[in-house]
Amino acid sequence: MTDRIKLVNEMIESFCRMDGKALEGLLHPDAKHSAPGSDFGANLVGRSHITQYFSTDVFPSFNQVKFEAVHTWEDQPKSIVVVEWRSHLWPKTGKNYSNTGVFVIEIKDGLIYWVREYFDTEKAHQNVND
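All values derive from a computational prediction rather than experimental measurement.

**Q** Honestly, the nonpolar core in this entry has me stumped. Any pointers?
**A** One broad rule of soluble globular proteins: the nonpolar side chains tend to lie buried together. Core analysis: the biggest nonpolar cluster contains 32 residues, and Met 11, Phe 15, Phe 54, Phe 67, Phe 103, Ile 105 and Ile 112 have the highest contact counts within it. Counting residues per element, the ones that place at least two in this core are α1 (3-17), α2 (20-26), β1 (27-34), α3 (47-58), β3 (62-75), β4 (80-91), β5 (97-108) and β6 (111-119). The leading source of residues in this core is α1, at six residues. Leave out the neighbours within four places in its chain, and Phe 54 touches Phe 15, Leu 23, His 33, Phe 59 and Pro 60.

Following this line, the structure appears as structure tokens:
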């Protein structure tokens, strides 16, 4: 397993633990997070901004979060890791659900530089929001 894949696995584990501090340590200072086609954390820029968003707007909405990597692929020359994931989520609304998606993650200077997240945002809205 390469260092880049280990880094991405650590990011997934920080999501599962809902640990903003651990996530912060994995992000490049100029990190970006986008979820194209959604209003979930779309176009966030900066390690502290991304960490704050997850710590105050995302993680508090859940009792428990479980992500698992189904398939992982690395494009070494471009420093990109692609992860097909499956999640099992227990939001505080009580509307537990599962979802699937893909992370496209760019690594720069040994840290996560850009996460592009593709998933069924409508399913998330229906279950997370009251």
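Text resumes after the structure shown.
**Q** Which parts of the structure should I look at to understand the packing of aromatic side chains?
**A** Here a ring pair, both rings aromatic, is described through the centre-centre distance and the interplanar angle of the planes. This structure, assessed with the given rule, holds ten aromatic pairs. Aromatic side chains Phe 54 and Phe 59 sit 5.7 Å apart centroid to centroid with 45° between the ring planes, which places their arrangement in the tilted category. What makes Phe 59 buried here is its relative accessible area of 8%. Measuring from centroid to centroid gives 6.3 Å for Trp 85 and Phe 119, while their planes differ by 45°, and the two rings are tilted. Of this pair, Trp 85 sits in strand β4 while Phe 119 sits in strand β6, placing them 34 residues apart in sequence. Comparing Trp 85 with Phe 119 shows no difference in burial state: the two are buried. Among the aromatic residues, those joined into a ring-pair cluster are Phe 15, Tyr 53, Phe 54, Phe 59, Phe 67, Trp 85, Phe 103 and Phe 119. In this arrangement the basic side chain of Lys 32 is found over the ring face of Trp 114, its NZ or CZ atom lying 3.9 Å from the centre. Above the plane of the ring of Tyr 113 lies Lys 108, whose end atom (NZ or CZ) is 4.6 Å from the centre.

Rules and cut-offs
- The residue count restarts for each chain, going from 1 along the sequence in the order it is written.
- Restriction of local features to residues with pLDDT of at least 70 applies here, the model being predicted, together with a cutoff of 80 or more for giving and counting side-chain atom pairs; totals for whole chains, interfaces and linings are based on all residues.
- Note: side-chain values were computed over all heavy atoms of the structure, leaving out hydrogens and water.
- Nonpolar cores were defined as sets of buried Ala, Val, Leu, Ile, Met, Phe, Trp, Tyr and Cys residues, with membership established by side-chain atoms within 4.5 Å.
- Under the scheme applied here, a residue whose accessible area is under 20% of the maximum for its type counts as buried, over 50% as exposed, and between as partly exposed, the area being computed with a 1.4 Å probe on protein chains only.
- The way it works is that DSSP assigns letters per residue, a run of H or I at least four long becomes a helix, a run of E at least two long becomes a strand, and they are numbered from the N terminus.
- Every residue pair with non-hydrogen atoms within 4.5 Å of one another is taken to be in contact.
- Note on aromatic pairs: the rings of Phe, Tyr and Trp (six-membered ring only in Trp) are paired at centre separations within 6.5 Å, and the planes decide the class, stacked below 30 degrees, edge-to-face beyond 60, tilted for the rest.
- Distance and angle both matter: a charge sits over a ring if NZ of Lys or CZ of Arg is within 6 Å of the ring centre and within 35 degrees of the ring normal.

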